[in-house]
Amino acid sequence: MLEHWIVDYGALAIFLGAALEGETAAFLGGVLAHRHLLPYWQVAVAACLGSFLADQAFFFAGRYAANWRIVQRALQSRALQRVTRLLEAHPTGFVLSFRFIYGMRTISPLVIGTTRIPALRFLLLNAIAALVWGILITAIGFLFSETVHALFGRMRLHAHLLVAIGALALLIPALWLVARHWRRPDPAS
């Protein structure tokens, strides 16, 4: 039953998940591709498109709806200050890399939309970054699944997905702690 739903709606779920959440959906898409429930190319394309279109929407929200209350509230967050500093220092590098920086994925295109970066430039850089991100994260999920298969053998789908979600539940906070430590100013400076 679950397998049939995944085959029928999995690519759509990965597309929506990559647009709304990001890494977990793309990663699980790689796991599903390894299980031969969906073709890898379909999973990677869904992740790339979901990420790309969501970031384009947030960019245009920043560009054309900057005076809306919900956008103003988002722009007043502490995350905005970090995003703005990085964006001003390295605009092209930032647009290419923000989706890889934990905690900056959603707010970044909104902030970029409020800057003078041309829409066409953002579109091209966003397309490149979404393509790299989608392929990379789904490939990591695929390779993780291969490792699980090598270590534990062929598991039932629900067990496989639980192991993948558990690994992400451990990995994401660990990466957050490393990033937090790395961003902390040096007291000796």
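As a starting point, this report considers the structure included with it.

Conventions adopted
Residues numbered from 1 in each chain as written. Predicted model: local features only at pLDDT ≥ 70, side-chain atom pairs only at ≥ 80, totals over all residues. Heavy atoms only, no water. Helix = DSSP H or I, 4+ residues; strand = E, 2+ residues; numbered from the N terminus. Contact = heavy atoms within 4.5 Å. 1 Å grid on protein atoms, 1.4 Å probe; cavity = no way out; pocket = protein on both sides within 12 Å on 5 of 7 lines; lining within 4 Å. Points joined across faces, edges and corners; volume = space filled by probe spheres on them. Nonpolar A, V, L, I, M, F, W, Y, C, P; charged D, E, K, R; others polar. Domains from an automatic or database assignment.

## Describing the overall build of the chain
Point 1. Looking only at helices and strands, the chain has 9 helices and 0 strands in total.
Point 2. When the elements of the chain are put in sequence order from the N terminus, they spell out α-α-α-α-α-α-α-α-α.
Point 3. Taking all contacts inside the chain whose residues are at least 6 apart in sequence as the whole, residues at least 24 apart take part in 81%.

## Some remarks on the layout of surface pockets
Point 1. The computed volume of the largest pocket comes to approximately 540 Å³.
Point 2. E23, Y102, I137, I172 and L175 are, among the 19 residues lining the largest pocket, the residues nearest its centre.
Point 3. Elements with a minimum of two residues in the lining of the largest pocket: α2 (23-34), α8 (119-152) and α9 (157-183).
Point 4. Per element, the largest residue contribution to the lining of the largest pocket is 5 residues, and it comes from α9.
Point 5. When the residues that make up the lining of the largest pocket are grouped by side-chain class, the tally is 13 nonpolar, 2 polar and 4 charged.
Point 6. Here the lining of the largest pocket gathers at least three residues from each of two domains, domain 1 (1-152) and domain 2 (155-183).

Such coordinate-based values are descriptive only and should not be taken to indicate function.
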